[in-house]
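Close look at the chain arrangement
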Amino acid sequence: MSRGFYAGCDSPSYAGGGVTGDPFTISAWGKSDATDAVTRTLVSIGSNAATDQYLALQRYSASAYVYSKNGATVGEINVTGLTANNWHHQAFVSSGNASRYAYRDGTTKSTENTTSVAPNAHNLTRIGGRAQSGGTPNDLWDGKLAHVAIWNIALTDAQIVALSRGADPRDIAPDNLISYWPLAGTASPEPDVKSGFDMTVNGATADTGDNPTMWPQGTLPIYVTAGTLATSTDSTAPFTITPTLPAHATDDILIVACMHSSGANLTIDAGWNEIITPINNANESVGYWWKRATSASETNPTITASATMGTVGAYATAFVVKNCVLTGTPFEDATGNGTPTLSTTPATATITTTGADRLAFLIGLLDDDNTVSSGWPPSGYSIVTNQSTTTGNDHRVLAAERYVAAAGDVAGGNIATMSASDYWHVLHLAFLPRPLTDTTPPVPNITVGPSRTKLSAVATFDSSDITVQVDEACQAWKVKVVPATNSIHTAGTQIESGGSVAANGTINVNITDDELSTASPGDGAKIVKFFFQDNAGNWST
């Protein structure tokens with residue numbers, strides 16, 4: 001569901017609430033009717049008493065912009081790649097007046113905008129137009145908007161990617177989420193489901209049949225990233241090839257796919273599991289394997305072919321699947337299309353899911369670099385990769401993903417039409433979700449320090465260094481001066497904060513006398529406590 005914003009529509013606004021300065025993050029989905037050279041605003045935060053004090057998430061032509069203005073001082077940065085009549089995720093992340101970034105569709109990130117711009121008097125948040133005083137707002141949006149959200153922290157790259165893959169904003173740094181307007185189009189005022197900063201709608205039309213793909217609240221979106229093709233030729237047996245694993249984290253699912261232009265048997269290093277039994281015939285050998293990462297630095301696997309057929313080519317590609325179920329086999333109904341088939345229309349079989357919120361994933365391996373003529377990606381799927389190589393026998397790999405909301409059949413069929421015929425193999429499977437049901441809080445532990453237990457205003461005695469380790473991956477941390485040793489994370493006064501920390505990772509914090517005096521004036525003992533928030537939203541105690 002979404003709201004349509006067109007000519008004659010008064011963009012909704014809320015006077016008050018929201019963020020009053022850095023850091024912050026603005027996130028929104030937009031589907032623009034055109035990529036014309038006109039400034040269009042998704043979301044803005046500004047002043048109801050001035051026209052030149054605002055922060056804005058915008059589109060101009062095919063570029064996603066973030067724009068900061070304080071009178072004559074302007075800071076802006078952009079990334080390209082927006083297209084008309086398609087949903088795109090845009091984000092504005094600011095960690096300070098001189099550190100701001102624009103994002104398009106999660107993984108496309110701008111360089112840092114370091115122009116120092118500090119708009120003041122933020123008391124107006126507007127959707128679909130530029131926040132300013134009086135009259136009709138400027139720079140109006142020209143299409144549909146959905147899932148507008150604002151945080152009072154700078155979200156991490158990984159959190160922005162999750163949002164761009166359909167995460168519910170309430171599952172991303174929930175304690176720092178200020179406002180979230182789904183823009184479902186079913187109520188007016190349009191509700192802020194987080195804080196109640198509802199917006200009156202005048203003219204924005206509801207569109208219940210057009211919306212970006214969103215995962216349900218309480219379930220992290222599953223998504224796939226692809227590595228680059230590893231290629232080689234062989235003339236002696238045994239033949240080996242070693243693909244490079246993409247960046248990954250503990251509990252990510254690693255996938256490897258390999259095609260070898262012979263009838264050799266394929267094997268892989270110990271610790272990897274077969275997805276389907278490796279296939280070989282007189283023309284091709286194909287194998288697919290998976291494993292669960294136990295660290296962020298898994299060893300690149302080596303695939304071995306038992307025999308060779310002269311100087312032929314082989315290739316392998318690795319994939320990383322994020323946010324799958326944490327135990328057991330992470331997928332169901334892995335279906336291949338039999339032995340490699342000579343065809344211009346590679347096809348995949350139907351898979352049957354037994355529950356909701358799956359990610360259908362298909363991989364197509366081709367023993368040539370023939371180009372795609374049409375039909376790619378299949379209807380409802382998003383492209384993960386389309387790579388080719390001319391090393392040895394030419395090769396191509398296609399991969400795509402699709403959110404599956406309900407149990408049932410996910411239809412197979414042709415995945416593309418190619419420019420010429422050659423041998424294909426296609427794998428189709430459905431990954432299982434990881435519900436956010438973890439209720440165990442992270443456990444921090446001081447490993448070094450404090451370097452001083454008493455602070456004063458005297459130089460060299462006015463700060464203390466502390467290193468803290470946490471037992472699980474966390475999305476945020478903060479340091480607070482609290483009233484008691486058993487205080488929870490909502491108590492006291494915050495003096496430091498930060499973003500993600502890896503499992504068993506550490507943070508190093510320098511606490512100053514000025515920070516303590518500001519948070520808790522006067523002499524005497526101060527209780528300083530570190531708090532960590534894991535990826536399920538639990539805070540340490």
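Overview of the structure. (Residues numbered from 1 in each chain as written. Predicted model: local features only at pLDDT ≥ 70, side-chain atom pairs only at ≥ 80, totals over all residues. Heavy atoms only, no water.)

To continue, consider the overall build of the protein. A tally of helices and strands in the protein yields 2 helices and 41 strands. The globule rule puts the C-alpha radius of gyration for 541 residues at 24 Å, and the 26 Å found for the protein is close to it. By principal-axis analysis of the C-alpha atoms, the protein measures approximately 80 × 60 × 40 Å. Across the 541 residues of the protein, 51% fall into the buried class. For the protein, the proportion of contacts with a sequence separation of at least 24, taken over those separated by at least 6, is 72%. Just so you have it, the protein exposes about 21000 Å², and 47% of that area is on carbon and sulfur atoms. One way to put it: in the protein the 27 positive side-chain charges average out to a point 7 Å from where the 47 negative ones average out. (Helix = DSSP H or I, 4+ residues; strand = E, 2+ residues; numbered from the N terminus. Rg over C-alpha atoms; globule rule 2.2 N^0.38 Å. Buried < 20%, exposed > 50% of the residue type's maximum accessible area, 1.4 Å probe, protein only. Contact = heavy atoms within 4.5 Å. Areas by Shrake-Rupley, 256 points an atom, 1.4 Å probe, with all protein chains shown as cover. Lys, Arg positive; Asp, Glu negative; His and termini not counted. Charge placed at Lys NZ, Arg CZ, Asp CG, Glu CD.)

Glancing now at the sheet that holds strand S17 (residues 239-241). Two pairing modes exist for strands in a sheet, parallel and antiparallel, and in both the strands are linked by backbone hydrogen bonds. Spatial strand order, S17-S22-S19: 3 strands in an open sheet with antiparallel pairing. Where the open sheet ends on each side, the last strands, each with one partner, are S17 and strand S19 (266-268). Neighbour to neighbour, the strand axes of the sheet diverge by 25 degrees on average, direction disregarded. (Pairing = 2+ DSSP bridges. Axes fitted to C-alpha atoms, helices over the stretch in contact; angles between N-to-C directions.)

Moving on, we come to the nonpolar core. Counting 29 residues, the largest nonpolar core has Ile 363 and Phe 431 as the members making the most contacts within it. When contributions to this core are tallied by element, the ones reaching two or more residues are strand S18 (253-260), strand S20 (273-280), strand S21 (285-292), strand S23 (312-322), strand S28 (358-366), strand S31 (395-404) and strand S35 (422-431). Apart from the residues within four sequence positions on either side, Phe 431 is in contact with Ile 222, Ile 253, Ile 255, Val 321, Cys 324, Pro 330, Phe 331, Asp 357, Arg 358, Leu 359 and Phe 361. Ranked by size, the runner-up nonpolar core spans 23 residues in total, among them Leu 42, Val 43, Leu 145 and Phe 197. (Core = buried A, V, L, I, M, F, W, Y, C linked by side-chain atoms within 4.5 Å.)

Below, the discussion takes up the pattern of salt bridges. Summed over all chains, the structure comprises 13 salt bridges. Linking Asp 105 and Arg 104 is a salt bridge whose minimum nitrogen-to-oxygen distance equals 3.2 Å. With a relative accessible area of 17%, Arg 104 lands in the buried category. Of the charged contacts, one joins Lys 291 and Glu 298 as a salt bridge, the two residues approaching to 3.0 Å between their closest N and O atoms. Of the two residues, Lys 291 and Glu 298, both sit in the buried class. Salt bridges sharing common partners tie together Asp 36, Arg 40, Arg 59 and Asp 142. (Salt bridge = Lys/Arg side-chain N within 4 Å of Asp/Glu carboxyl O.)

So, on to the packing of aromatic side chains. The full count for this structure, using the stated rule, is 8 aromatic pairs. Taking 5.9 Å as the distance between ring centres and 15 degrees as the angle between the ring planes, the aromatic pair formed by Tyr 54 and Tyr 67 counts as stacked. Highlighted residues: Tyr 54 in strand S5 (residues 53-60) and Tyr 67 in strand S6 (residues 63-70), separated in sequence by 13 residues. Taking the centre distance of 6.1 Å and the plane angle of 85 degrees together, the rings of Phe 331 and Phe 431 count as edge-to-face. Taken together, the residues Phe 331 in strand S24 (residues 331-336) and Phe 431 in strand S35 connect sequence positions 100 residues apart. One aromatic cluster is present, built from ring pairs that chain together Trp 290, Phe 319, Phe 331, Phe 361 and Phe 431. The ring of Tyr 101 carries the charged tip of Lys 109 above its face, separated from the ring centre by 4.3 Å. (Phe/Tyr/Trp six-rings, centres within 6.5 Å; stacked < 30°, edge-to-face > 60°. Lys NZ or Arg CZ within 6 Å of the ring centre and 35° of its normal.)

Our next topic: the sheet that holds strand S38 (residues 474-482). Ordered by their spatial adjacency, 3 strands build an open sheet running S39-S38-S41, and the pairing between neighbours is antiparallel. With partners counted over all chains shown, the strands left at the sheet margins are strand S39 (493-498) and strand S41 (527-534), one partner each. For this sheet, the mean inter-axis angle between neighbouring strands, taken without regard to orientation, is 20 degrees. Summarising the sheet, S38 and S39 pair through 5 bridges and their orientation is antiparallel. Bridging across to S39, Val 479 finds its partner in Glu 496.

What follows deals with the side chain of Ser 343. As for its position among the elements, Ser 343 is in strand S25 (residues 341-343). In this structure Ser 343 touches Ala 420, Ser 421, Asp 422 and Trp 424, once residues within four positions along its chain are discounted.

In this structure, Pro 377 follows Trp 376 across a cis peptide bond, with omega equal to -5 degrees. With respect to the helices and strands, the residue Pro 377 is situated in the loop between strand S29 (372-374) and strand S30 (382-389). Residue Pro 450 follows Gly 449 across a cis peptide bond; omega there is 5 degrees. Here Pro 450 is to be found in the loop between strand S36 (444-448) and strand S37 (463-470). For Ser 61, which is not glycine, the phi torsion reads 55 degrees and is therefore positive. Here Ser 61 shows up in the loop between S5 and S6. One non-glycine residue with positive phi stands out, namely Asn 85, at about 65 degrees.

What follows concerns the layout of surface pockets. One number sums up the size of the largest pocket: a volume of about 1200 Å³. Taken together, 40 residues form the lining of the largest pocket, with Ala 249, Asn 323, Arg 434, Ala 473 and Asn 535 sitting closest to its centre. For the lining of the largest pocket, the secondary-structure elements that each account for two or more residues are helix H1 (157-164), strand S15 (223-226) and S38. When residues in the lining of the largest pocket are grouped by element, the largest group, 5 residues, is from H1. Of the residues in the lining of the largest pocket, the class split is 21 nonpolar, 10 polar and 9 charged. Taken as a whole, the second largest pocket holds about 810 Å³ of empty space. As for the second largest pocket, its lining consists of 28 residues, of which Trp 29, Ser 164, Arg 165, Ser 382 and Glu 401 are closest to the centre. Of all the secondary-structure elements, those providing two or more residues to the lining of the second largest pocket are strand S8 (87-96), S15, S30 and S31. (1 Å grid on protein atoms, 1.4 Å probe; cavity = no way out; pocket = protein on both sides within 12 Å on 5 of 7 lines; lining within 4 Å. Points joined across faces, edges and corners; volume = space filled by probe spheres on them. Nonpolar A, V, L, I, M, F, W, Y, C, P; charged D, E, K, R; others polar.)

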